[in-house]
Amino acid sequence: MTAPASVKLELWLGSTVPRPASAAVMERLDSVEVTCADDAPRSFKLTFKADRAAGPAADFALLSGGDLAPWNRAIVSVGLGSASQVLIDGFITQHELSHDGPFGGVVLSVTGEDVSILMDRVQISLEYPQMGDSLIALAVLAKYGPIGVVPEVIPTAADLTPIVIERTPQQNATDRAYLRELAAPHGYLFHVRPGPEPMTNIAYWGPPLNIGSVKPALSVDLGSTTNVDRISFRLDSLAPVQLYGMVQDDDTEIDAPLVTFGSSRMPPLATDPALNPVGLLQRRDIFTDPRLGYIQALVSAQATTDVSTDQAVTAQGEVDTLRYGAVLEAPGLVDVRGAGTSYDGRYRVKTVTHSLARGRYQQSFTLAREGIGSTIDRVAA
């Protein structure tokens, strides 16, 4: 893979339809930081060198110009060679103006979140009679179509429709908080990421995915092919939790045994999972929720085990993007090679922080999987 010669940063701003930022704004732009995660809103921070417009009492040009006004839409994209990728499509939410002493510079920091911030402004009290969780998620997201949000909702393992006389799902939160609340019992995630077309975003409600496109391998201690500035690995054998207990079936009122044996995420990313279902020192918790029928109890118990093992092994590191030659995505998949038998192989990308300044583009990342040992014998190129 040939490393790109340069990085092109694009910034779009606007109150309704964003347009390329003016030359005056781009000249004052000092650095950009975008943080992406698979289970949290994306965020951005734009740092500018601020200059007053004119005269000692005049406001700063960046503030009076209107491009950086709160709730303006901001899109940040990067290009490597001929390829371009949107890192975030969001809204400006905060300003911070810093004066560094009588003769120091003035810095304006502008921060914001992805478009899901619009889902977190109004608390709603609403019932969803005879609707399962995935159908509710679709209903909640449908109202955001006009701003370019496309729902991607994965049905749950037991997408049961509650009977009205037994239970009616009730929302008493913002839409974003409620979507996360609905996702948690299934071991699901909710996030919004930029879509394939400008001004579109994908709202994903579903499990962490172990399939999909894989970024070029992160290479460690491999001489001239090394592309990682630093990386460290951590195995937490205390994290995995096995659930067991007895659950009464709603219809027959007969107690039935319940037990989880490992992660249900497929395909596995590790050959030696950190959870040992027969180990004497494995943590085992009793499942005691009396509100759930047997099927829902199985789903809830399995979700607890899945989440507990998702980050049993983590890797944290940093790459210089020009040397690496690609833009990491969270969520996403990436391979590691050169770290040894235990920690080589495929990982989910949990978080990426993109840090850009003139002449520099670093990516800090966190990777995760359920154990050690590689399930692949060849990494992505």
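Just so you know, these numbers come straight off a predicted model, no measurement behind them. (Residues numbered from 1 in each chain as written. Predicted model: local features only at pLDDT ≥ 70, side-chain atom pairs only at ≥ 80, totals over all residues. Heavy atoms only, no water.)

Caption draft 1: Expanded view of the overall build of the protein. The helix and strand inventory of the protein stands at six helices and 23 strands. Projected onto its principal axes, the C-alpha coordinates of the protein cover approximately 80 × 55 × 40 Å. Here the protein holds 381 residues, and the buried ones make up 44% of them. A fraction of 69% describes how many contacts in the protein between residues 6 or more apart in sequence connect residues 24 or more apart. If you sum the accessible surface of the protein, you get close to 18,900 Å²; carbon and sulfur atoms cover 54% of it. If you average the places of the 30 positive and of the 43 negative side-chain charges in the protein, the two averages end up 7 Å apart. (Helix = DSSP H or I, 4+ residues; strand = E, 2+ residues; numbered from the N terminus. Buried < 20%, exposed > 50% of the residue type's maximum accessible area, 1.4 Å probe, protein only. Contact = heavy atoms within 4.5 Å. Areas by Shrake-Rupley, 256 points an atom, 1.4 Å probe, with all protein chains shown as cover. Lys, Arg positive; Asp, Glu negative; His and termini not counted. Charge placed at Lys NZ, Arg CZ, Asp CG, Glu CD.)

Caption draft 2: Broad picture of the nonpolar core. The biggest cluster of nonpolar side chains holds 45 residues, and the ones touching the most others in it are Leu46, Phe48, Leu218 and Leu367. Once residues within four sequence positions are removed from consideration, Phe48 is found in contact with Val25, Arg28, Leu29, Asp30, Leu62, Leu68, Val106, Val107, Leu108 and Val110. Counting 22 residues, the second largest nonpolar core, distinct from the first, contains Phe91, Leu182, Ala183 and Phe190. (Core = buried A, V, L, I, M, F, W, Y, C linked by side-chain atoms within 4.5 Å.)

Caption draft 3: Spatial organisation of unusual backbone geometry. Residue Met266 is joined to Pro267 through a cis peptide bond whose omega torsion reads -5°. Tracing the sequence through the fold places Pro267 in the loop between strand 16 (255–259) and strand 17 (270–273). Of note, the amide linkage connecting Ala330 to Pro331 takes the cis form, showing an omega dihedral of 5°. Residue placement: Pro331 occurs in the loop between helix 6 (321–324) and strand 20 (333–337).

Caption draft 4: Geometry of the layout of surface pockets. Considering only enclosed or pocket space, the second largest pocket measures out at about 620 Å³ in volume. Those elements that place two or more of their residues in the lining of the second largest pocket are strand 6 (83–99), strand 11 (189–194) and strand 21 (345–357). Grouping the amino acids of the lining of the second largest pocket by side-chain chemistry returns 16 nonpolar, eight polar and seven charged. (1 Å grid on protein atoms, 1.4 Å probe; cavity = no way out; pocket = protein on both sides within 12 Å on 5 of 7 lines; lining within 4 Å. Points joined across faces, edges and corners; volume = space filled by probe spheres on them. Nonpolar A, V, L, I, M, F, W, Y, C, P; charged D, E, K, R; others polar.)

Caption draft 5: Spotlight on helix 3 (residues 133–142). Listed as buried for helix 3 are Asp133, Ser134, Ile136, Ala137, Val140 and Leu141. The arc enclosing the buried residues of helix 3, seen along the axis, measures out at 155°, which places them on a common side. Where helix 3 is buried, its residues meet strand 9 (149–153), strand 10 (170–173), helix 4 (175–183), strand 11 and strand 12 (201–206). (Arc of directions from axis to C-beta.)

Functional significance is not addressed by these values, which are geometric in nature.
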